[in-house]
Amino acid sequence: MTRLRLATNLAALALVLSAASAPAQDARLEAAKKEGKVVWYTSLALSSSEKVAKLFEAAYPGIKVEVHRTGSERILQRLMQELQANIKIADVVHTSDAGHYVLLKDKKLLVKYAPAGVERFPAAFKDKDGYHFGLRATVNVIAYNSKIIPAAEAPRTWKDLLDPKWKGKLVTAHPGYSGVITTHVLALVHLHGWDYFKQLAQNKPMLVQSAVDPSGVVASGERPIAANGGDYTFYQVKKKGNPVEIVFPKEGVPLVVSPSAITSFAPHPNAARLFTDFIYSRELQQVLADSEGLYTGHPDVTYPADRPKLSELNLLRVDPEELEKRNEEIKTRFVEFFGA
Amino acid sequence: MSVSAEHGVTLAHYARVFADPQLQKALWNTVVLAFWSGLLSVAIGAPMAWLSARTDLPWSRVIRSLIMASFVTPPFLGAFAWVMLAGPNAGYLNKLYRSLTGAEGPLLNIFTMPGLIFVVAIYTFPYVYIMIANTLGLIASDLEEAASILGASRFRVALTITLPMVAPAILSGFILSVLQALALFGSPAILALPAGFHTITTQIWALFHYPPKVEMAAAFSVPLLLATALLLLVQKRLLGRRGYASVGGKGAERRAIPLGPWRYPALLGCLAVLGCAVFLPYGILAKAAFSRAWAQPLTWENFTLENWSFTFLYSSTQGAIVNTLELGVLTACVGAGLAALLAYVTNRKLIVGHQLLAFLALAPIVIPGTVLAVALFIAYTRPPFLLYGTLWILFIAYLTKEMPVGYSQSDATFRGIHPELEEAGRILGAGRLRVLREITAPLAKSGIIATWCFIFIGVIRELSASIILFTPNTKVMSVVMFDLKEEGQFGAIAVLGIFMLAMTFAIVALMQTLLGKDVLGQRPSASAPG
C-alpha cells in the first residue's frame, strides 16, 4: 500500500461521510463516541484489518477500533470460551467459516442488523434472516514460487498436487485454525473425496496455521508450492515484488464468503453499528478490492485489471449448514492424515 | 476435573486419552525430545563448565556472559530465529551451504525431531552449565594435582578424578534439562507442528480448540505432572547424598589447569555453541526486523522501517506491552516480597510448620506451565471465582510458577545472613522489627533485588501458561508474538523479539550495576521450567 493511496482513500471517505450526516446519525455518532471504541474479532489478514481500523478511526475521530486478529476457528473458540466464563468483549465478529454463523444464530448470539446498501448484494453474501452479510470473499488457489518452479512444470489442478514429485515441496494451512481452509477442505472433499487429502498427506506438506501464511512461505521459497490459501494473500505478496504466481485450478476454486455480524451482547452497540455501516460502504469495499485484492459483495465495486472476475471462475460453493455440521469431522480427519 | 463426569467420577477420560493413537504419539515424542535434549545439554554444558571453571580458557568471562545471554533468551524466540536460519529451503545456513557446495538438498532441516532437540538444547544447556560450574568452583584441586604429579595426563585427570566428583551435578543438570524440555511449549509449537507432530504441551493446547475438550486436556496433563514429580524426586535424592569430602568450602585452593595447545580449539568450540545460541539467532532477528522480505538479502530495496511502525501501532501490541510490564512489575514485587518473608520465616524457624511453608513454596516447580494453566482455567472459569478474562489469573499463574525460583534465591540469601548478627542487635535492646529493618534488611537487600529481577525476566517471556489463559484484553507480548507467528509475520515478531530481549538485558544490566556482581551465575538450581 502506498501512503498516497491511503490518503486519497481517506479523503474520499471523509467527503462521503460528511455529506451523509443527518440528524439521526448525529445522535448515533454521539452515542458511539461516548462508547469510545469498538472491539472487532476478525480473521482478515492482520495488515488488512489494521488498515480498515485506521481508516475508520480517521473517519470517526474519538472512536477506537480494537482489532483482535486470529484464525476463524480460534475466534469461535475464544468467543465461546469467553461466554462460558461470562466474559463479553466482542462487538463485531468476522470469520471465514460461514458455518460459525449458523451456530451463532442458533445460540442467539447475533443481532439482526442490515447496514445500508446490503440489500443489493448477491444472494451468496446475504443471510436470509438478515443477521449477517458477506464482508469479503476470497477463493482458494494453488500458488508457486516462479523462481524455483518453471511455469511449464507448475501444478495446474488440485490433483496435480498429488504427484510424488512434489513431496516435501508443498505447504498447507490448517482447518483447525483457518475458516478459509475449513471451507476449502469441505469443497475438495465434495470434489475428490477424503482420499484426496489422504494422498496429499503422502507428499508431507509443511503445516502452517493461517490461510495467510502459505503466501509468505512460498515467497520466501521455504516451500515452493502452496496447496491452498486465500488468493488475496498471494496477490498481495506478488504486488510487493515477490516471484509468486497464482493458479486457479480448472476443477474449480472453493469460494469463501466471510460474513460479519454484531453480537447480541455487544458492549459497544452503537459503535458496532457505525463500524458495520462503515465496512459495508462502497468506499471501504472498494479499498478492500483495490489495495487488498479481495472480492466483495458490493455490486458497484470494481476490481484491479490483473484480477479475474468472480464470474470468470469456476466456483465451488459449500453449504454453511453442512460446514457447521461437519466442522469437527473436517478437523479430526485432517489431523488424522497430516499428523498435527 | 480429569475424573469428573456428568454423574460422579469416571476414568473414561483417561481411557480415551491413552487409547488415542494421536495422543500416544505425542507422549512418545515428548519422551524422545526430553531425553535427547537433556543428553545434548549435558554434552554441551558440562565441558563448557569445566573449561570455564577449571582451565585457563581464554576469554572465559566473555564466554560466561554469553552463556547468560543464551540463558535469558526466550526459547520460543530462539526457535523462531532458527526457522529463518535452518528452514530446509529458505533457511540462511542452507542457502549458504548450497551456494558453497552446489548441492541441491538442504544441510539442515529444523522442522524435524533432531532439529527440535538441537534448538531446545542450545537454550537449556545453561542450566547444566551453571549447576556444574558452581560445583566445580567448590572442589579443591589437590586431588587433581596429586594425579598430575603421578603422571596422569590432563584429560585423564579430568576424566578419572574430576568427572566422578561432579557426577551428581551432571545427573542433576541432566534432570533439570529434561524437565525444561518436558514443559516447553513454544519451541515444539514452532518447529514440530509444521512437521506434523505433537508433544504433550502442544497437544494439550490443541485440545482446547473448538469444541474444547477440557477434561481430556486435564487427563492428558497428568502424565506430564507425574513425570516431572518423579524426576524431581530422583534429583533430590541425588543431591541429598552429596557427601564428597573433597567438596570443601571456600578457601580450598584452585589453580587453573593449563590447556596448552588445546586453548584455542577449546575456545573455538565454545564460540561455536554460542554462535548457535546467540550470534546467529540475534543476527537473523536483527536482519528480519529491517527487511521487507526476510528471506531476501538486505539490500536498500529490501530495507524498511515499516516492521517497526507496524508492530508498535498495532493495538494488540500496545496493550500487550502494558499488560506485560504491569504483570512483570506486580509479580516481581509480590513474588520477591513473599519469597523474602517465607525465607525469613523458615530460616529463623519463626512459626510452627515452617518446613511445610518451604515445601509449599517449592512445590509448584513440579507443575509445567501448560498444566498449571489447565488447572487454573478449570478452577477460575466458573463461580465463585471468575478470574478468567482478568489479568489476575495470569498473575496467579506467574506467581505460582516463579515462587520456587524466588524462594530458592531468598532462601540462599537468608542462609548467608548469620542469626548471630540479629541476636547481637536483640541483645543490645532492639525489637525484632528494628533488627529486621536495620540489620537484616540491608544485608538481604541485594538478594531480594536479584529475586525481583529473576521473577521479572521469567514473567515477561512466559508463554506456556499465557497461551491458554489469555483473552483479547489480557494479551501479553509472548502471546502477540505467537499470534503473529501463525500468520507468518516474521518482521513484526523480530521487532517484538528484539524489544523483549532489550528489556531483559536492561534489567540484567540494572541488576549488575545495582549489585556490582555477576548474580545470574549464582541463580539457584531450582527454577521453574517452561
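Calculation criteria
- Residues numbered from 1 in each chain as written.
- Chains lettered and ligands numbered in written order.
- Predicted model: local features only at pLDDT ≥ 70, side-chain atom pairs only at ≥ 80, totals over all residues.
- Heavy atoms only, no water.
- Helix = DSSP H or I, 4+ residues; strand = E, 2+ residues; numbered from the N terminus.
- Rg over C-alpha atoms; globule rule 2.2 N^0.38 Å.
- Buried < 20%, exposed > 50% of the residue type's maximum accessible area, 1.4 Å probe, protein only.
- Contact = heavy atoms within 4.5 Å.
- Areas by Shrake-Rupley, 256 points an atom, 1.4 Å probe, with all protein chains shown as cover.
- Lys, Arg positive; Asp, Glu negative; His and termini not counted.
- Charge placed at Lys NZ, Arg CZ, Asp CG, Glu CD.
- Core = buried A, V, L, I, M, F, W, Y, C linked by side-chain atoms within 4.5 Å.
- Buried area = accessible area lost by both parts, 1.4 Å probe.
- Salt bridge = Lys/Arg side-chain N within 4 Å of Asp/Glu carboxyl O.
- Polar contact = N/O pair within 3.5 Å; in protein donor to acceptor, adjacent residues only side chain to side chain.
- Nonpolar A, V, L, I, M, F, W, Y, C, P; charged D, E, K, R; others polar.
- pLDDT = per-residue confidence, 0-100.
- Pairing = 2+ DSSP bridges.
- Axes fitted to C-alpha atoms, helices over the stretch in contact; angles between N-to-C directions.
- Expected span 1.5 Å × (residues − 1).
- Left-handed = near helix turned anticlockwise from the far one by under 90°.

Novice: I'm lost on the overall build of chain A in this one. Help?
Specialist: Helix and strand content of chain A: 13 helices and 11 strands. For a compact globule of 340 residues, the expected C-alpha radius of gyration is about 20 Å, and chain A comes in at 20 Å, within 12% of that figure. Its C-alpha atoms give chain A principal-axis dimensions of roughly 65 × 45 × 30 Å. Every one of the 340 residues in chain A was classed for burial, and the buried ones make up 62%. Here the analysis covers contacts within chain A between residues at least 6 apart in sequence; of these, 78% occur between residues at least 24 apart. As displayed, chain A has an accessible area near 12600 Å², and 54% of this comes from carbon and sulfur atoms. Seen as two clouds, the 43 positive and the 37 negative side-chain charges of chain A have centres 2 Å apart.

Novice: Got a minute to help me understand the nonpolar core in this structure?
Specialist: By size, the foremost hydrophobic cluster in this structure holds 273 residues, and its most contacted members are Phe197 of chain A together with Met48 of chain B. Top contributing element to this core by residue count: helix H6 (residues 113-136) of chain B, with 16 residues. In this structure, Phe197 of chain A is in contact with His184, Val185, Leu188, Val189, Phe337 and Phe338 of chain A, ignoring residues within four places of it in sequence. One finds Ala343, Ala361, Tyr407 and Phe414 of chain B within the second-largest nonpolar core, a separate group that totals 12 residues.

Novice: Help me understand the interface of chain B and chain A in this model?
Specialist: Interfaces are often sized by the accessible area lost when the parts come together. Tallying the contact residues gives 46 residues for chain B and 49 residues for chain A. Here chain B and chain A share an interface that buries about 3700 Å² over both sides, 51% of which is from carbon and sulfur atoms. When the buried surface of chain B facing chain A is broken down by residue, Tyr210, Glu486 and Glu487 of chain B rank first, second and third, together holding 21% of it. Remark: the boundary between chain B and chain A carries three salt bridges. With its nearest N and O atoms 3.8 Å apart, the salt bridge here joins Glu328 of chain A to Lys213 of chain B. On inspection of chain B and its partner chain A, the count reaches 16 residue pairs in polar contact (both at pLDDT 80 or more). With four residues, the top contributor of residues to the side of chain B that touches chain A is helix H21 (residues 477-486) of chain B. Tallied by class, residues from the side of chain B that touches chain A come to 24 nonpolar, 16 polar and six charged.

Novice: What am I meant to see in the side chain of Thr474 of chain B here?
Specialist: Mapping Thr474 of chain B onto the fold places it in the loop between helix H20 (466-469) and H21. If sequence neighbours within four positions are ignored, Thr474 of chain B has contacts with Asn323, Gly389, Thr390, Leu391, Leu394 and Leu469 of chain B.

Novice: Is there a simple way to think about the confidence of the model for chain B in this case?
Specialist: Fine structural detail should not be taken from predicted coordinates in areas where pLDDT scores are low. All names here are of chain B. Taken residue by residue, chain B gives an average pLDDT of 88. The fraction at 70 or more is 92%. Across residues 242-251, where pLDDT falls below 50, the model places 13 contacts with residues more than four positions away in sequence or in other chains. Note that pLDDT drops below 50 for residues 522-530; the model gives that stretch 33 contacts with residues more than four away or on any other chain. Across the predicted assembly, pTM comes out at 0.91 and ipTM at 0.90.

Novice: Where do I start with the sheet that holds strand S9 (residues 244-247) of chain A in this structure?
Specialist: Residue and element names in this part refer to chain A. Within the open sheet, the five strands sit side by side as S7-S6-S8-S5-S9. Their pairing is mixed. Of all the strands in the sheet, just strand S7 (206-207) and S9 have a single pairing partner and so form its edges. Across four bridges, strand S5 (residues 142-145) lies against S9 in antiparallel orientation. Paired with Ala143 across the strands is Ile246, a residue of S9. Against the sheet, helix H8 (residues 213-220) engages S5, strand S6 (170-172), S7, strand S8 (225-226) and S9, with an angle of about 25° to S5.

Novice: I'm lost on the environment of Gly137 of chain B in this one. Help?
Specialist: As for its placement among the helices and strands, Gly137 of chain B is situated in the loop between H6 and helix H7 (142-149). Between the alpha carbons of Gly137 of chain B and Ala49 of chain B there is a distance of 9.7 Å; along the sequence they are 88 residues apart.

Novice: Help me out: how do you make sense of helix H3 (residues 46-59) of chain A in this one?
Specialist: Because the α-helix completes a turn every 3.6 residues, residues three or four places apart line up on one side. Its 14 residues give H3 of chain A an end-to-end C-alpha distance of 20 Å, which sits within 8% of 20 Å, the value for a rise of 1.5 Å per residue. By the burial criterion, the buried members of H3 of chain A are Leu46, Ser48, Ser49, Glu50, Lys51, Val52, Ala53, Leu55, Phe56 and Glu57 of chain A.

Novice: So what exactly am I meant to see when it comes to the pattern of salt bridges here?
Specialist: All names here are of chain A. Overall, the coordinates contain 25 salt bridges over all chains when judged by the stated rule. Between Lys54 and Glu50 there is a salt bridge; the shortest N-O distance is 3.2 Å. On the criterion of helical spacing, the pair formed by Lys54 and Glu50 is a turn pair, its members being four residues apart in helix H3. By relative accessible area, which is 34% here, Lys54 ends up partly exposed. Residue classification places Glu50 among the buried residues on the basis of a relative accessible area of 5%. For Lys238, the salt bridge identified is with Glu245, shortest N-O distance 3.4 Å.

Novice: What should I look at first to understand the pairing of strand S4 (residues 133-139) of chain A in this one?
Specialist: Consecutive residues of a regular strand have side chains that alternate between opposite faces of the sheet. Residues and elements named next belong to chain A. Of all seven residues in S4, seven are buried; the element is thus mostly enclosed. Pairing analysis gives six bridges linking S4 to strand S10 (residues 253-262), with the strands arranged antiparallel. Across the sheet, Ala137 pairs through a bridge with Val257, a residue of S10.

Novice: Honestly, the packing of helix H14 (residues 315-347) of chain B against helix H15 (residues 354-362) of chain B in this entry has me stumped. Any pointers?
Specialist: The packing of two helices is summarised by the inter-axis angle and the distance between the axes. Residues and elements named next belong to chain B. Packing of H14 against H15 brings their axes to within 9 Å, and their N-to-C directions diverge by 145°. In this structure, H14 crosses over H15, and the sense of that crossing is left-handed. For the pair H14 and H15, contact is made by Leu342, Val345 and Thr346 and by His354, Leu357, Ala358 and Ala361, respectively. A per-class count over the contact of H14 with H15 returns five nonpolar, two polar and no charged.

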